[in-house]
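Read off the chains here:
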Amino acid sequence: MELIFEKSKTGRCAADVPRSDVPEIALETLIDAKYLRDDLDLPEVSEIDLVRHYTNLSRRNFGVDMGFYPLGSCTMKYNPKVNETLAAQPEFTSLHPYAPDSFAQGNLQLLHTMQRLLGNIFGMAEFTLQPAAGAHGELTGVMMIKKYFEHKGEKRRLILIPDTAHGTNPASGALCGFETVTLRSNAEGGVDLDHLAELMTEDVAALMLTNPNTLGLFERNIEKVAQLVHEKGGLLYGDGANANAFLGKTRPGDLGFDVIQLNLHKTFSTPHGGGGPGSGPVGVSAKLVDFLPIPRIVRKGQEFHWSENFPLTIGRVRAFYGNFSVIVKAYAYIRSLGAEGLIRASEMAVLNANYIKERLKAHFELPYDRVCMHECVFSGRRQVAESGVHTTDMAKRLIDFGYHPPTIYFPLIVPEAIMIEPTETESKETLDRFCNAMIAIAREAKDNPQKVKDAPHYTPVSRLDEVLAARKPDVCWKKP
Amino acid sequence: MELIFEKSKTGRCAADVPRSDVPEIALETLIDAKYLRDDLDLPEVSEIDLVRHYTNLSRRNFGVDMGFYPLGSCTMKYNPKVNETLAAQPEFTSLHPYAPDSFAQGNLQLLHTMQRLLGNIFGMAEFTLQPAAGAHGELTGVMMIKKYFEHKGEKRRLILIPDTAHGTNPASGALCGFETVTLRSNAEGGVDLDHLAELMTEDVAALMLTNPNTLGLFERNIEKVAQLVHEKGGLLYGDGANANAFLGKTRPGDLGFDVIQLNLHKTFSTPHGGGGPGSGPVGVSAKLVDFLPIPRIVRKGQEFHWSENFPLTIGRVRAFYGNFSVIVKAYAYIRSLGAEGLIRASEMAVLNANYIKERLKAHFELPYDRVCMHECVFSGRRQVAESGVHTTDMAKRLIDFGYHPPTIYFPLIVPEAIMIEPTETESKETLDRFCNAMIAIAREAKDNPQKVKDAPHYTPVSRLDEVLAARKPDVCWKKP
Amino acid sequence: MDYCPHTQADTADMLLQAGVGRVEELFSDIPDKFRLKKIPDMPPALSEQETAALLKTIGARNRQPRLTLTGAGAYAHYIPAVVGHLVGRAEFYTAYTPYQAELSQGILQAIYEYQTMMARLTGMDVANASMYDGASAMAEAAVLCARISNRNKLLIARSVHPEYREVVGAYCRANGYELEEIPFGTAGQLDSFTVLNQIDDTVAAVILQSPNFFGCLEDVEQIAGSARAKGALLIAGFTDGTALGIVKPAGECGADFVVGEGQSFGNPLNYGGPYLGVFAAREKYLRRIPGRLAGRTVDKNGRPGYVLTLQTREQHIRREKATSNICSNEALCALAAGIYLAALGKNLRKLALLNVYKAQYLKSKLLQLPGWKDVFSAPGYNEFVVTCPDAQAVNEKLEQEGIIGGYELAPDYPELESALLFCATELVLKEDIDQIVRILK
Amino acid sequence: MDYCPHTQADTADMLLQAGVGRVEELFSDIPDKFRLKKIPDMPPALSEQETAALLKTIGARNRQPRLTLTGAGAYAHYIPAVVGHLVGRAEFYTAYTPYQAELSQGILQAIYEYQTMMARLTGMDVANASMYDGASAMAEAAVLCARISNRNKLLIARSVHPEYREVVGAYCRANGYELEEIPFGTAGQLDSFTVLNQIDDTVAAVILQSPNFFGCLEDVEQIAGSARAKGALLIAGFTDGTALGIVKPAGECGADFVVGEGQSFGNPLNYGGPYLGVFAAREKYLRRIPGRLAGRTVDKNGRPGYVLTLQTREQHIRREKATSNICSNEALCALAAGIYLAALGKNLRKLALLNVYKAQYLKSKLLQLPGWKDVFSAPGYNEFVVTCPDAQAVNEKLEQEGIIGGYELAPDYPELESALLFCATELVLKEDIDQIVRILK
Ligand SMILES: Cc1ncc(COP(=O)(O)O)c(C=O)c1O
Ligand SMILES: Cc1ncc(COP(=O)(O)O)c(C=O)c1O
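Residues numbered from 1 in each chain as written. Chains lettered and ligands numbered in written order. Predicted model: local features only at pLDDT ≥ 70, side-chain atom pairs only at ≥ 80, totals over all residues. Heavy atoms only, no water.

## Points about the site of ligand 2
Applicable threshold: Put simply, a residue is near a molecule or strand once any heavy atom of it comes within 4 Å of that molecule or strand. For the purposes of these results, a polar contact is taken to be a pair of N or O atoms within 3.5 Å, where, inside protein, one atom must be able to donate a hydrogen and its partner to accept one; residues adjacent in sequence count only when each atom of the pair is a side-chain atom. Note that accessible areas follow from Shrake-Rupley with a 1.4 Å probe, and for residues the cover is restricted to the protein chains shown. Only DSSP runs of H or I covering at least 4 residues are called helices, and only runs of E covering at least 2 are called strands; the numbering of each starts at the N terminus. Charged means Asp, Glu, Lys or Arg here, nonpolar means Ala, Val, Leu, Ile, Met, Phe, Trp, Tyr, Cys or Pro, and polar covers whatever is left, Gly included.
Around ligand 2, 15 residues are found, and the nearest of them are Ser73, Asp239, His265 and Lys266 of chain B together with Ser328 of chain C. Ligand 2 is flanked by residues contributed from chains B and C. Within the contact set of ligand 2, an oxygen atom lies 2.7 Å away from a backbone nitrogen or oxygen of glycine 134 of chain B. A distance of 2.8 Å separates an oxygen atom of ligand 2 from a polar side-chain atom of lysine 266 of chain B. Alone, ligand 2 offers 390 Å² of accessible surface; in the complex the protein occludes 99% of this. Mapped by element, the contributors of at least two residues to the shell around ligand 2 are helix 6 (134-152) and helix 11 (264-267) of chain B. Each residue belonging to the shell around ligand 2 can be placed in one class, and the counts come to five nonpolar, seven polar and three charged.

This is the structure we're talking about:
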């Protein structure tokens, strides 16, 4: 499709500006010319062209509302429409972040209740709702860990990270100046306890554990893991991106986690927006509460207020108070589901994943054949060996069947990984059809591998030259 | 695509119902079983399946927001988004039609102002906003005409209708018990004055004239036409569906029209909703005001009230007060454009149509080669003669080029008619591309007629068997 | 703000191509004496921001009711958020009537599904793609019955919505048909013997509503029997469509046509419109009914697809001989209804029950007030009639609290003095009702 | 209401296939002692209608301001209706990050266009696909500069938003970098000599905002010169992005990075978020910058298309060596910004002028009040600082009228006692201003 710039024509506009009702003053008399720009090179289009451009762009995009989106580790569940509607109420959208608390009692009450409910669900002493996404939550958590040790007068350099961890974990550690050390997984996909015991010294600030991990497997030895970490004075950090697996079934706080970040845009059904916004609340155990970022909400009777008076705080990780409207959606979701709904969500998410695992394991290599949680991870190795068809080929071929492909080539410890997270909002019929498509593709990989390698066949563009894109990056359009 | 019924599974639902907070009473104790139904055969689907079903259905539909839609006589102009947003405000949507006037002063003010503005624009003494669409407005207008003569004690049986008229005109006449007589057009596409003089007796209640007519031509002899009708005591009815041609350029009231219906969903940019809702206000000259339908709005100082106290009224043509939220959109549109914007709209609509006419007249037969108003009508006769390619084939082929086809086979007096109404919201670039496509198709009709006859080539279904549909009508799904 | 994309250069180019010097020349067919100098008394153009501010101000002149206890043909129901999101898809709402089927499979299939739902809900064989509203649907059915039967009188129950009766009257008058009222009995229902006696061989059809305007259910089966016995047809209407979640559909009771207002199905109150005329019929009348019809067929390759069908009934082909003059209908409202009903599914029954409970509770509470009396004994749905010492005073008291009270019946029914028609849907909470009773004490 | 479509029969079937007897067994990896009996203290599930009512009630506990005169990093602008309609397209907002390019050409192209707009607006070569917000974008730029230059001190203007300074501080602290403030001069701007003197060879970058927190424009070119002279980089921020409609972009003044809050571009105030971190850079840093990048390339058949590119910078590939930990960003806010800017086009200049006029008018009116004084002489955009006899009392008076007044500066700037930072955008009308002055008289 043509770029919006290519549709531009001097003199057009889609949005007009009211005439001034106050005196117009020659700009140069107010602002010296050296501060002023000459040209302003923005596209000029009429409203109809603008609307067609973005409407037609949207029609080249695939969302959960169009079909199954089993992107592993991303929890692409259905985003209930009512939450969108409620968060869009002008009462919520139009308030300035510095509105006096007297204007914002509804918002403050909502945020405060949300913190409490998350505390109940996850067994953490307190939550902050400020981080803007999961990785931002990780950063916030690691900052708190750092501050915690500084406050104790300890200087710990290391953070342990399992080889199955998401890339944000080591990156967040590094962004706080920690050195990260990779912890091996054992044969059943869990933490290698011996390796942990070996690595876990008093130089280790924390173990960042995702549980269930990115293989979709629950850490059976979690008690031992926590013990090993805590014995050496370390902290146990929980990446809560996979929380959809255990709502109401267990609580990270009870399992021994000291810090946990959530991804509201995964577990709590807020849409992902084509890449964000998300929201990454961080919950902490009692010993870390003092280090939470400011501002925090304080309740006085029936009134709520912002407070910054927490001397041990790590400070701020963003301006203002968090991705408020995302939180509104997640709050509406939690209230809709209630305890029973949350439990059922996790139960059905786990059931769906196990169902897929069982239906597909005859057709694809299953590296860890045990009960999984909310996602299951296959390997495409067999297909590579048999016919040179790679995981990426099969993923692209799924597009032809009307599905968004699963996450591929992650976690890194599974070669040719295919990571499928169905979520609880998908029906048996959808899973069956998807499994049938996967099986058909496995067969095709044998019978007609070229067809798979050439996929996708029906998209507006076929496979794109990523090497060219990286070698000669074109990230900003220039008029030819 | 599967039907929603085929996706149904017992036990699912997308919308839940709150638990009762009042006593639940066994239904049979309140209502005798003979009044109660046994089964309720509605589809049972989850919210995600519901959303996917209708989202994917929508993706099989073409709207103005996707591309050029030059459906002649339909004025498919752009529907400004702000009007949608404003009409959806809960202040407007949530009020009951029988809300006491004290709750509805805003609505009443809006309706009253709208009536006045329409009066100014069209030169009519008063407007009613009740009719739900253009044809409904016609019916209302003809009812008033009937009542007018009844009141005068005259019994007139006939209504004259030009051969170019839209089918709703004769049908509306017939629905009021009039006999309709067809009035011939002359060689230049206007009213044949001799024929009119001949037909115009004292048995004729009215001439229903569309001006500009459906050839897109303005009635040059309008003064004479009005005179001939009025001389015999007849009334001149104006079908205002084509009002987009003359906003601020002339006024039906000034031209001698006694009644006129508008199509807000054409001229005033409210969307057509895939077939409605529309809104068909009717304006009348002073002599018909007493016959307007009830209720009418009465202003007392700064207050507005509904009143039904109009003894000569034709009564009601629908329950309640009209398609209110459609009217809100049209009102916002008129206020946005103001007088200058309305004039510009008509000017550019007419310019666009003439531009297309000139660009295409070398390629398609132009039966009436004169300056047109907001639309132009070609004939596909040349193509039929040359290569057996019909207008319908060319229309279908346009789909492959990304356009909605023009209106075809109407008006009836032009064989193989192609009726193109670009509207003012389309840019020169769009018109040029469309004309290029039309020209390419004309060439293709010569070079590769089969390609045209087989069109469309890229739609989810190809040409449908309409004969089968009519011979064995299946208008209600039955489980196989 | 206008929405014309033309730059000055564009206009100049296009004029050149069109062979005229100035835009004015394009309007030369308009006789000079009728050329307008300016549109009188028009407010100036507004920017989008100003338009938005203006419409906000106008909206704010309305008073937002805390609660609405009036039904009387338009019903305050909770509309699931999905409905608005899906109806708001631009591909649906910015399309015209689906004249080009290949580009319109979305709305055509949705309408086909809607037709099926309406047929099922009403117990009829077929339903059309929609009419303007419940009243005009009833009026078209009446006119149609007269034509079918070649009889020129119509009987309409006095328990039918008064405005519907007026609309039917207007359509009948325009066609020269006679319209006669059937009285209701003390129970608030029609009496089948009265009906039987009133039908003579000029009567084309009997028209009733169930639930009727008073919220009472009619014994449709008996009335249908009476009509049939005299060779007349039966047109059965309904008020709040959600009643069909529990009420036996008129189609199962022998009605020939079922018409009604579909607003309750996912369409907001909107101060009276746009609403949705439901029109269902027996199969044998399929080729006589008004309005659009989406039909299922196959394409060249045998794939199922949908088209507008039986168009030869319609005005654009049959002109003055068409079954109706209707052209644009209420497609988007029908779409909303389809989505709403698919969202609820069998929960429509639950919803209907909840409405019954709420109305019963409200009624029982009101009847505890001194001087308040029940009026009709027939079983009802979510509306009921009570009399009270001073109907107007009651409504004024409620109004002061931001509550829209009951519909005052006396202006339409002088025989029902100081009577109020109340409605309670799922939106009315127990605490609201308790509060209302406190206010009225 | 939960959103699980499973019927009991489905669940039973699936359990069978999964080879387990009860759902519980699927959770057997969780040690018994940690199995939760119930989630403590959770309110019951709600129907959609009840959820909607609850959230309406909560919303109603807020007080809707009639007018907002605070900017201070978040700006009340009119958002054209198109923005919400287009951002509300489900294909956009229900998609994940575009990992599969063939299914994501829509958002990828939109982001590519957004990147181009940001680069053009800021006068830079490239911009990324978005950061969390203006503050974290600034912080990431700061950390990046330290890494690039191998220097470990950062200088930040005291005229930068106080919360931004805190965020930069937190990121620096976590990395062991030093952060030092640069004072502002009496004009409300930085002084380039002071800056020059403050830079030593440990300074990685100088950080400023223009317009700065006080609404004053900085002489970016001069400061850039000072930085360059000492081998330091320049990070230039901005407050209200609409200022870029008239203000010379920092990229043209020699900045190495431009960061800022993009909320003004079509994103509602939303009580603080989601907002939009703008991050633009010189070409040479392209492979070092944080965040996603959409890039243009071609497909197998040579058709242009878009992908996420230079992913080897990112955490999911480079892990601890990544240029940042950012993963989810604010794509939908970036989309809104792109649509907003495409809607306004060159009208952004008009809009910016209108903001200047409004602020000038407000300021001139306020300064007529007894005891009110102008504070800074540097040229400004739509914000300005004034002192008045009693800042708190002023805001309280305005609050009573439903107006959110100026931002009180004293808590952050003890040196600016009784000073208020006012903002006037296009939403503030002359009559509002006149009324405000009457209130404060
Ligand atoms: C396991 C895990 N942790 C952390 C993250 C990062 O979350 P976000 O994208 O919200 O920053 C993700 C996201 O994919 C994840 O899957
Ligand atoms: C000339 C003309 N008159 C009347 C009508 C009927 O208007 P509506 O569809 O709103 O009933 C139309 C609609 O196509 C028309 O083109």
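Additional details are given in the paragraphs that follow.
## What about the site of ligand 1?
Taken together, 15 residues lie around ligand 1, and Ser73, Asp239, His265 and Lys266 of chain A together with Ser328 of chain D are the ones closest in. Lying at an intersection of chains, ligand 1 is approached by residues of chains A and D. A distance of 2.6 Å separates an oxygen atom of ligand 1 from a polar backbone atom of glycine 134 of chain A. Alanine 135 of chain A is positioned such that a nitrogen or oxygen atom in its backbone is 2.7 Å from an oxygen atom of ligand 1. Protein chains bury 99% of the 390 Å² of accessible surface belonging to ligand 1 in isolation.

## Some thoughts on the confidence of the model for chain C
The cut-off we apply is this: You can read pLDDT as the predictor saying how much it trusts each residue, on a scale of 0 to 100.
Averaged over every residue, the pLDDT of chain C is 97; the share at 70 or more is 100%. Complex prediction metrics read pTM 0.98 and ipTM 0.98.

## What to know about the packing of helix 12 (residues 347-366) of chain C against helix 14 (residues 430-440) of chain C
To describe two helices that pack against each other, one gives the angle between their axes and the distance between the axes. Residues and elements named next belong to chain C. We apply this condition: Where helices are involved, their axes are fitted lines through C-alpha atoms of the stretch in contact, as for all axes, and angles between N-to-C directions lie from 0 to 180°. Under this scheme an angle from 65 to 115 degrees is roughly perpendicular, one under 35 degrees roughly parallel, and one over 145 degrees roughly antiparallel; angles in between are oblique. For any helix crossing, the convention is left-handed if the near helix is rotated counterclockwise from the far helix by under a right angle, and right-handed if that rotation is clockwise. Any two residues whose heavy atoms approach within 4.5 Å at even a single point are treated as in contact.
Where helix 12 meets helix 14, the axes come as close as 10 Å, and the angle between the chain directions of the two elements is 20°. Comparing the axis directions of helix 12 and helix 14 gives the class roughly parallel. For the pair helix 12 and helix 14, the crossing hand works out as right-handed. Across the interface between the two elements, Lys358, Tyr361, Leu362, Lys365 and Leu366 of helix 12 pack against Lys430, Ile433, Asp434, Val437 and Leu440 of helix 14. Here the residues of the contact of helix 12 with helix 14 sort into six nonpolar, no polar and four charged.

## A closer look at the relation of the copies chain B and chain A
In plain terms, the rule: Least-squares superposition aligns the copies on the C-alpha atoms of those residues with pLDDT at or above 70 in both.
If you rotate chain B by 180° and push it 0.0 Å along the axis, it lands on chain A with an RMSD of 0.0 Å. Between the two chains, the operation in question is that of a two-fold axis. Closest approach to the rotation axis among the C-alpha atoms of chain B is made by arginine 59 of chain B, whose C-alpha sits 3.9 Å away. Most of the interface of chain B is mirrored in chain A: 100% of its interface residues are interface residues there too.

## Some remarks on the interface of chain D and chain A
Cut-off, in case you're wondering: Simply put, the buried area is the total loss of 1.4 Å probe accessible area from both parts when two parts are fitted together. By definition here, a salt bridge exists when the distance from a side-chain nitrogen of Lys or Arg to a carboxyl oxygen of Asp or Glu is within 4 Å.
Across the boundary between the two partners, chain D contributes 185 residues, which contact 209 residues of chain A. Between chain D and chain A, the buried area comes to about 17400 Å², and carbon and sulfur atoms account for 61% of it. On the chain D side of the contact with chain A, Tyr96, Glu102 and Tyr271 of chain D bury the most area, a combined 6% of that side's loss. Summed over the shared surface of chain D and chain A, the result is 14 salt bridges. Among the salt bridges present, the one from arginine 116 of chain A reaches aspartate 41 of chain D, with a minimum N-O distance of 3.4 Å.

## So, the pattern of salt bridges
Heads up, the condition is: Three labels apply to residues, based on accessible area from a 1.4 Å probe with only protein chains included: buried if under 20% of the type maximum, exposed if over 50%, partly exposed otherwise in between.
Throughout the structure, instances matching the rule amount to 109 salt bridges over all chains. Two residues, arginine 381 of chain A and glutamate 365 of chain A, come together in a salt bridge whose shortest N-O distance is 2.6 Å. In this pair, arginine 381 of chain A is assigned in helix 13 (residues 381-387) and glutamate 365 of chain A in the loop between helix 12 (324-360) and strand 10 (376-379), connecting sequence segments 16 residues apart. Residue classification places glutamate 365 of chain A among the partly exposed positions, given a relative accessible area of 22%. Linking glutamate 188 of chain B and arginine 220 of chain B is a salt bridge whose minimum nitrogen-to-oxygen distance equals 2.5 Å.

## Brief notes about the domain arrangement of chain A
We apply this condition: Residue ranges for the domains trace back to a domain assignment, done automatically or taken from a database.
Taken as a whole, chain A is organised into domain 1 (1-61), domain 2 (81-336) and domain 3 (340-470). For domain 1 of chain A and domain 2 of chain A, the distance between their C-alpha centres works out to 41 Å.

## A closer look at the environment of asparagine 197 of chain D
For asparagine 197 of chain D, the position within the fold is in helix 8 (residues 192-198). A sequence separation of 33 residues divides asparagine 197 of chain D from lysine 230 of chain D, and the C-alpha atoms of the two residues are 9.4 Å apart.

## Brief notes about helix 14 (residues 430-440) of chain D
Burial in helix 14 of chain D covers these residues: Asp432, Ile433, Asp434, Ile436, Val437, Ile439 and Leu440 of chain D. In this structure, the buried side of helix 14 of chain D is in contact with strand 1 (67-68), helix 12 (347-366), helix 13 (391-400) and strand 13 (403-404) of chain D.

## Things to note about the interface of chain B and chain A
Often the size quoted for an interface is simply the accessible area lost on bringing the parts together. Counting residues at the interface gives 28 residues for chain B, matched by 28 residues for chain A. Buried area between chain B and chain A, summed over both chains or domains, comes out near 2200 Å², and the portion from carbon and sulfur atoms is 42%. Contact with chain A buries surface across chain B, with Ile48, Arg52 and Arg59 of chain B losing the most and accounting together for 29% of the total. Where chain B meets chain A, there are six salt bridges. For glutamate 429 of chain A, the salt bridge is made with lysine 9 of chain B, and the minimal N-O distance between the two is 3.5 Å. Across the contact surface, chain B and chain A share 15 residue pairs in polar contact (both at pLDDT 80 or more). Looking at the side of chain B that touches chain A, the elements with two or more residues in it are helix 2 (47-58) and helix 15 (428-447) of chain B. Per-element accounting of the side of chain B that touches chain A gives the leading share, eight residues, to helix 2 of chain B. A per-class count over the side of chain B that touches chain A returns seven nonpolar, eight polar and 13 charged.

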